[in-house]
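Residue strings, one per chain:
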Amino acid sequence: MTRVLLLGGTAEARALAAALVDAGFDVVSSLAGRVSKPRMPVGDVRVGGFGGVGGLAGVLVGGGFTHLVDATHPFAVRMTANAGTASAIAGVPCLRLARPGWSEHADAGSWHWVDDYDKARVAAEALGAARPFITTGRQTLEHYASWADRDVVLRVVEALEEEAPARWTVLLDRGPFEVADERALLSRHQVDVVLTKDSGGAYTAAKLTAAAELGVSVVVVRRPAVPAGVAEVETVGEVLTWLT
Ligand SMILES: NC(=O)c1ccc[n+]([C@@H]2O[C@H](COP(=O)([O-])OP(=O)(O)OC[C@H]3O[C@@H](n4cnc5c(N)ncnc54)[C@H](OP(=O)(O)O)[C@@H]3O)[C@@H](O)[C@H]2O)c1
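A quick note: this is a predicted structure, and the numbers were derived from the prediction, not measured.

Thresholds applied
- Residues numbered from 1 in each chain as written.
- Predicted model: local features only at pLDDT ≥ 70, side-chain atom pairs only at ≥ 80, totals over all residues.
- Heavy atoms only, no water.
- Near = heavy atom within 4 Å.
- Polar contact = N/O pair within 3.5 Å; in protein donor to acceptor, adjacent residues only side chain to side chain.
- Areas by Shrake-Rupley, 256 points an atom, 1.4 Å probe, with all protein chains shown as cover.
- Helix = DSSP H or I, 4+ residues; strand = E, 2+ residues; numbered from the N terminus.
- Pairing = 2+ DSSP bridges.
- Axes fitted to C-alpha atoms, helices over the stretch in contact; angles between N-to-C directions.
- Contact = heavy atoms within 4.5 Å.
- Expected span 1.5 Å × (residues − 1).
- Buried < 20%, exposed > 50% of the residue type's maximum accessible area, 1.4 Å probe, protein only.
- Domains from an automatic or database assignment.
- Buried area = accessible area lost by both parts, 1.4 Å probe.
- Salt bridge = Lys/Arg side-chain N within 4 Å of Asp/Glu carboxyl O.
- Right-handed = clockwise from strand over helix to strand, strands pointing away.

(A) How the structure looks around the site of the ligand. Every one of the 23 residues lining the ligand counts as a neighbour, but G8, S30, F50, M79 and K197 are closest to it. At 2.7 Å from a nitrogen atom of the ligand is found a side-chain nitrogen or oxygen belonging to S30. Backbone polar atom of H73 to an oxygen atom of the ligand: 2.8 Å apart, as the coordinates give it. Here the ligand, which alone exposes 810 Å², has 82% of that area covered by the protein. Going through the elements one at a time, β2 (26-31) and α3 (77-90) are the ones with two or more residues in the shell around the ligand.

(B) Representation of the sheet that holds strand β12 (residues 231-233) in the model. Here 6 strands make up an open sheet; going across it, the order is β3-β2-β1-β4-β5-β12 and the pairing parallel. Edge positions in the sheet fall to β3 (44-47) and β12, since each has one partner strand and no second. Strand after strand, the sheet turns through a mean of 25° between neighbouring axes, direction not considered. Bridge count between strand β1 (residues 3-7) and β2: 5 bridges; the pairing is parallel. Following the sheet pairing, L6 is matched in β2 by S29.

(C) Inspection of the sheet that holds strand β6 (residues 112-114) at higher detail. If you trace the 6 strands from one edge of the open sheet to the other, you get β6-β11-β10-β7-β8-β9, paired in parallel fashion. Taken across any chain shown, the strands that pair with only one partner, and hence form the sheet edges, are β6 and β9 (169-172). Strand after strand, the sheet turns through a mean of 20° between neighbouring axes, direction not considered. Across the sheet, helix α6 (residues 206-214) is in contact with β7 (132-134), β8 (153-156), β10 (193-197) and β11 (217-221); its angle to β10 comes to roughly 155°.

(D) Structural view of α3. With 14 residues, α3 should cover 20 Å at 1.5 Å per step; its first-to-last C-alpha distance of 20 Å lies within 8% of that length. Along α3, the residues that are buried comprise T80, N82, A83, G84, A86, S87 and A90. Buried residues along α3 sit in contact with β1, α2 (52-62), β4 (67-70) and β5 (94-97). At the C-terminal side of α3, G91 shows a positive phi close to 70°.

(E) Fine view of the environment of R150. If you trace the backbone, R150 turns up in the loop between β7 and β8. For R150, a relative accessible area of 15% translates into the label buried. With residues up to four places along the chain from it excluded, the contact list for R150 reads E125, A129, A130, P132, R167 and W168.

(F) Expanded view of the domain arrangement of the chain. By domain assignment, the chain separates into domain 1 (3-100 + 225-243) and domain 2 (108-221). Using only C-alpha atoms to locate each centre, domain 1 and domain 2 end up separated by 29 Å. Facing 12 residues of domain 1, the contacting portion of domain 2 comprises 15 residues. The three residues of domain 1 that bury the most area against domain 2 are R34, R39 and F75, which together make up 52% of that side's buried surface. Linking domain 1 to domain 2 there are 0 salt bridges.

(G) Geometry of the pairing of β2. Counting buried positions over the 6 residues of β2 gives 5, a clear majority of the element. Since β1 and β2 lie parallel, the crossover through helix α1 (residues 11-22) that links them has a hand, and here it is right-handed. By the bridge criterion, 4 bridges tie β2 to β3 in an arrangement that is parallel. Residue pairing for β3: L31 is matched across the bridge by V47.

Okay, here's the thing in structure tokens:
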């Protein structure tokens, strides 16, 4: 009996869980428990870390899982690395499901692509960022600590544990976003540089269109590479084909 462990926390993972349940598969979705109000997938769900590679391998074997699908966010680097290693240890095949990035976006050629968050800060400073809009995530804030001296607009899903610098505006919100709302936000705060990561998908792409319309510069952090030996697909259909 095929039994799937689905590492989730994304729209793709929720879509896959729905398709697998519809198709009669035995599937358990796994969430990290990082956000207080997660969007729940259909079917069985477990919440919380595994305790590293060993913990995940133990769950795969102990839970009688026959397949592991990693549909976590393209920037969930550690979970994806652990999935690749644990599946090899447990002898359970692993497949990665990830939405395409924005490299094919019409405006991608005008963006400033960088390899990490420090380089993103430096690129934005070189662009004269006085009112930057940070959307790279709560876990990346240490890279912008020096920006207490400017009027940053920060958008995160969850409230910050620590106090933001006095000149910062912190917005709590999650996608999907509309172009008109993003245009209004960028104008209201007179944003001069948008900092994002190549998350891909439609949920958070609207700011890129609004930035192009307003002539606002965009700095994009490239995706981390997928672990060697783990195949990656872009659609739910490809996962179903792999499972059958
Ligand atoms: N990074 C983003 O920008 C982003 C955006 C939207 C959604 N998410 C979702 O949020 C979750 C955490 O992302 P992250 O960037 O913090 O990941 P990460 O840095 O790669 O993972 C850190 C640790 O969190 C636990 N973890 C992560 N995903 C898990 C899952 N699906 N089920 C159980 N444990 C999980 C694992 O703990 P153990 O080592 O204890 O197993 C992992 O080592 C992921 O599910 C991801 O899909 C992330």
